[in-house]
Amino acid sequence: MRLRSLGVALATTASLCALPLAASTAASAAETPLSQGKTVTASSQENGGTPAAYAVDGNTATRWSSAATDDQWLQVDLGTAASVTQVVLNWEAAYGKDYKVQISQDGGTWTDLKSVTGGDGGLDTLAVSGQGRYVRMLGVHRATPYGYSLWEFQVFGSPSGTQPGCGTANAAQGKPASASSTENAGTPASAAFDGSTSTRWSSQPADPQWLQVDLGSVQDLCKVDLNWEAAYGKDFQIQASADGQSWNTLKSVTGASGGTASYDVSGSGRYVRILGTARGTGYGYSLWEVAVHTGTTGVPPVQGGGDLGPNVIVVDPSTPDLQQKFDDVFAKQESNQFGTGRYQFLLKPGTYNGINAQIGFYTSISGLGLNPDDTQINGDVTVDAGWFNGNATQNFWRSAENLAITPSNGTDRWAVAQAAPFRRIHVKGGLNLAPNGYGWASGGYIADSKIDGTVGPYSQQQWYTRDSSVGGWTNGVWNMTFTGVQGAPATNFDSGPYTTLDTTPVSREKPFLYLDGSAYKVFVPAKRTNARGVSWPANAGTSLPLDQFYVVKPGATAATINAALAQGLNLLFTPGVYHLDQTIDVTRANTVVLGLGLATLVPDNGIDALHVADVDGVKLAGFLIDAGPVNSDTLLRIGTPGSTADHSANPTTMQDVFIRIGGAGPGLATNSVVVNSNNTVIDHTWIWRADHGSGVGWDTNRADYGLRVNGNDVLATGLFVEHFNKYDVYWSGERGRTIFFQNEKAYDAPNAAAITHDGIVGYAAYKVADTVNTHEAWGLGSYCNYTADPSIVQAHGFQVPVKSGIKLHDLLVISLGGMGQYAHVVNDTGAPTSGTNTVPSKVVQFP
């Protein structure tokens, strides 16, 4: 809630409510806007109490407000192409000084209807002329330090005549129905959709009540027929929804007299409901029949489901030349570190004998069973480092998931570095995390997995393992962290590499694709608290059919992606590289955004790649965001600035979501990831400003901040962030927790002066803001490798306020071969590094 503007807003509201009466030329006084109750999206919202939908609800006491930055927009889908003649903007105190009103046929290509400069707020009534289905306000400059805020955004005109005639068939007949209540067992909801005028639904005698039908898919709606029994609705609304949760009002009816009536509507949805707000009698609401008619608008709705695209390779044990399929992809991807190839292998349940699936860059292998043991490989899933002369420190961007492996020689090899998750795997033997020859290695992450034998990290510098079981664990170099792992070694960080917590405070496993018979579904695991061991085979959670996902394939536009989200669809990105000309906006609670084969999003022209509203339970998983050559403010933003909602019961999760700035070409982003939503769980990410590849240089791939956390009660498990120009992690939310952190400072700092601030040489890898009172972290490592100027002495790896609620456990700093040094570990505590021996300086407990 923005207390700053309460008095101003109240005064403004009073004056604005009077203005339409004085504006005698405003056509809006006598007609319902085309925009009212329609589907609406926005670039952002200030908080959960100011959603985009409030700008088109016909209520001047509710409002939409944006984040406090310029270049924000509000967009309404009129449901069909229309000739637009007038747009009315009813501004709250936080108004747009300079803005544009634009129109579009497809939500992707926009034409200016009106440009306003030097606006003074209040009521703006704009005469315009244009045709299209989508209309938006594009803010250019704000008049106040706050965002843009509209009580109402009204679009007037008439349908352009492009919509074909309305169908005569009843799309609702025989479809699943539900209701807020029933009078008795003889008047169920289904009776209003059975095609019989001698059966009826009736409700309890109370207001409000509703009746709802599921049409089975999103459809264009053009007419609804109501056949009332004697107990009719006097005031009611006809509403539509894509997901059965967020509703748009298609028609508001007041003073009805019952009987039979037909209502023309315009919009789309899978669910249609009649929401009664005032009864016409002392009884409940009662309908003999409800008929829903559909047609087609100028732009059809986005369809869910379908095939998985050209780069998903689905196999079963009888697939001919199966080994050759693995070998062919590996030959393309073994050393293709910055290429555009993306591949996903999906293995149907069954037993695969004699297979060695070598996994290269941007390649994922997953089983299609509900449990790992449904897909058995008698052979190997292998990552090695022959391509890089036995050095595994660049084996990035690949994954294995949901399989059982019986290794051919008793031990499987998974010699990876960052961004290479090993999830939900049952290894019926041992697991070797080092390359052949025990060369350098810099990984890695295991979750929800069972390794019957011993895990040997050997040359691995660091590793995090969560909610798993192991038959044993041998050695490790610097930082081996475990939470909720049965069989994990005991903590010995003072003399060794181990930090072990008995349980993981909050976790939720990554969503995954599986086969239910012949139908693809996505399983969404449930949240776990204080977890220990694997989540399977119990598999608490829910299954979503593929037709609830827009299956995104190469060539899809951001406009279509956003249209699918607005319809209530989830997203399944198939392997590919997706250039975005507008920000992907996730505004619906519980939306799943899942990538296959390291699907990669590239924001063009300086836009942000992905925004998530401050809503419950969004799941982001399995994709890479690659910065574009024009600077983006924030590549991934979770929650709007100032988010305050409590999401502890159903947090948003970010899992195997990776960020890259440079390497594949010049990339620029001020912030990589900003988390504003409370209770967010970050479960395995690598946020990387490139130190090698193309487009690499102190200013060429400038990126100031890796992760910024503003929300409260945020948990990070498996946090890898490297090489940023300023702070790699800046944490300003309260009660934050991090379990395992791996960092390297930027190699290419030109000299000490370039990174000196506030009298301190070097930005801390992990900075907790001075205003924070409570924060805790375990298993933290920061390394320096100042190749441009080895004389740099970084003040410290970690910087935190010294308060009783701030606690750090098991942290270290390391000079890699003497290329720069650290003066301290945390603040002014901890021995300095020295020499070229790459020996850690440790602090077991701070303060």
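Above: the structure in question.
These numbers come from a predicted model, not from an experiment.

(A) Representation of the packing of aromatic side chains. Applying the stated criterion across every chain yields a total of 35 aromatic pairs. A centroid spacing of 5.7 Å and a plane angle of 50 degrees characterise the contact between Phe-396 and Trp-688, whose relative ring orientation is tilted. In this pair, Phe-396 is assigned in the loop between β19 (375-382) and β20 (398-406) and Trp-688 in strand β44 (residues 681-689), connecting sequence segments 292 residues apart. When the ring of Trp-478 is compared with that of Tyr-783, the centres are 5.0 Å apart and the planes differ by 65 degrees; the resulting orientation is edge-to-face.

(B) Here's a closer look at the pairing of strand β16 (residues 343-347). For β16, the buried fraction is high: five of the five residues fall into the buried class. Alternating residues of β16 divide into Tyr-343, Phe-345 and Leu-347 and Gln-344 and Leu-346, and every residue in both groups is buried. Of the strand pairs in this sheet, β16 and strand β18 (residues 363-367) are connected by five bridges, and their pairing is parallel. The residue bridging Phe-345 from the neighbouring strand is Ile-365, located in β18.

(C) Summary view of the sheet that holds strand β30 (residues 512-516). Ordered in space as β30-β31-β33, the three strands form an open sheet in which the pairing is antiparallel. In this open sheet, the two edge strands, each paired with only one partner strand, are β30 and β33 (541-545). Direction aside, the axes of adjacent strands within the sheet are offset by 40 degrees on average. Strand direction decides the pairing type here: β30 and strand β31 (residues 519-525), joined by five bridges, are antiparallel. Paired with Leu-513 across the bridge in β31 is Val-522.

(D) View of unusual backbone geometry. Omega for the peptide link from Asp-207 to Pro-208 comes to -10 degrees, which places this bond in the cis form. Topologically, Pro-208 is positioned in the loop between β9 (201-202) and β10 (209-228). The peptide bond linking Gly-443 to Gly-444 adopts the cis configuration, its omega dihedral lying at -10 degrees. If you trace the backbone, Gly-444 turns up in the loop between β23 (430-432) and β24 (445-447). The phi dihedral of Asp-321 falls on the positive side, at around 55 degrees, and the residue is not glycine. Looking at the element boundaries, Asp-321 is found in the loop between β15 (312-315) and α2 (322-333).

(E) Representation of the pairing of strand β52 (residues 775-784). β52 sits mainly inside the fold: nine of its 10 residues count as buried. Here eight bridges tie strand β48 (residues 736-744) to β52, and the two strands are oriented parallel to one another. By the bridge assignment, Ile-739 is partnered in β52 with Trp-778.

(F) Examining the environment of Thr-542 more closely. Tracing the backbone shows Thr-542 in strand β33. Judged by its relative accessible area of 47%, Thr-542 falls in the partly exposed class. C-alpha separation for the pair Thr-542 and Val-522, spaced 20 residues apart in sequence, amounts to 8.4 Å. Leave out the neighbours within four places in its chain, and Thr-542 touches Val-522, Phe-523 and Val-524.

(G) Highlighting the pattern of salt bridges. Taken as a whole, this structure holds 29 salt bridges when the rule is applied. Asp-448 is the partner of Arg-424 in a salt bridge, and the nearest nitrogen-oxygen pair spans 3.4 Å. Here Arg-424 is found in strand β22 (residues 422-427), whereas its partner Asp-448 is found in the loop between β24 and β25 (450-456), with 24 residues between them in sequence. You can call Arg-424 buried: its relative accessible area is 4%. In this structure, Arg-528 and Asp-467 form a salt bridge, with 3.9 Å as the shortest nitrogen-oxygen distance. Placement of Arg-528 in strand β32 (residues 527-531) and of Asp-467 in strand β26 (residues 462-473) is noted, with a sequence separation of 61 residues between them. Across the pair, exposure class does not vary: Arg-528 and Asp-467 are buried alike. What emerges from the salt-bridge pattern is a single network uniting Arg-423, Arg-466, Asp-467, Glu-509, Arg-528, Asp-656 and Asp-683.

Conventions we followed
Residues numbered from 1 in each chain as written. Predicted model: local features only at pLDDT ≥ 70, side-chain atom pairs only at ≥ 80, totals over all residues. Heavy atoms only, no water. Phe/Tyr/Trp six-rings, centres within 6.5 Å; stacked < 30°, edge-to-face > 60°. Helix = DSSP H or I, 4+ residues; strand = E, 2+ residues; numbered from the N terminus. Buried < 20%, exposed > 50% of the residue type's maximum accessible area, 1.4 Å probe, protein only. Pairing = 2+ DSSP bridges. Axes fitted to C-alpha atoms, helices over the stretch in contact; angles between N-to-C directions. Contact = heavy atoms within 4.5 Å. Salt bridge = Lys/Arg side-chain N within 4 Å of Asp/Glu carboxyl O.

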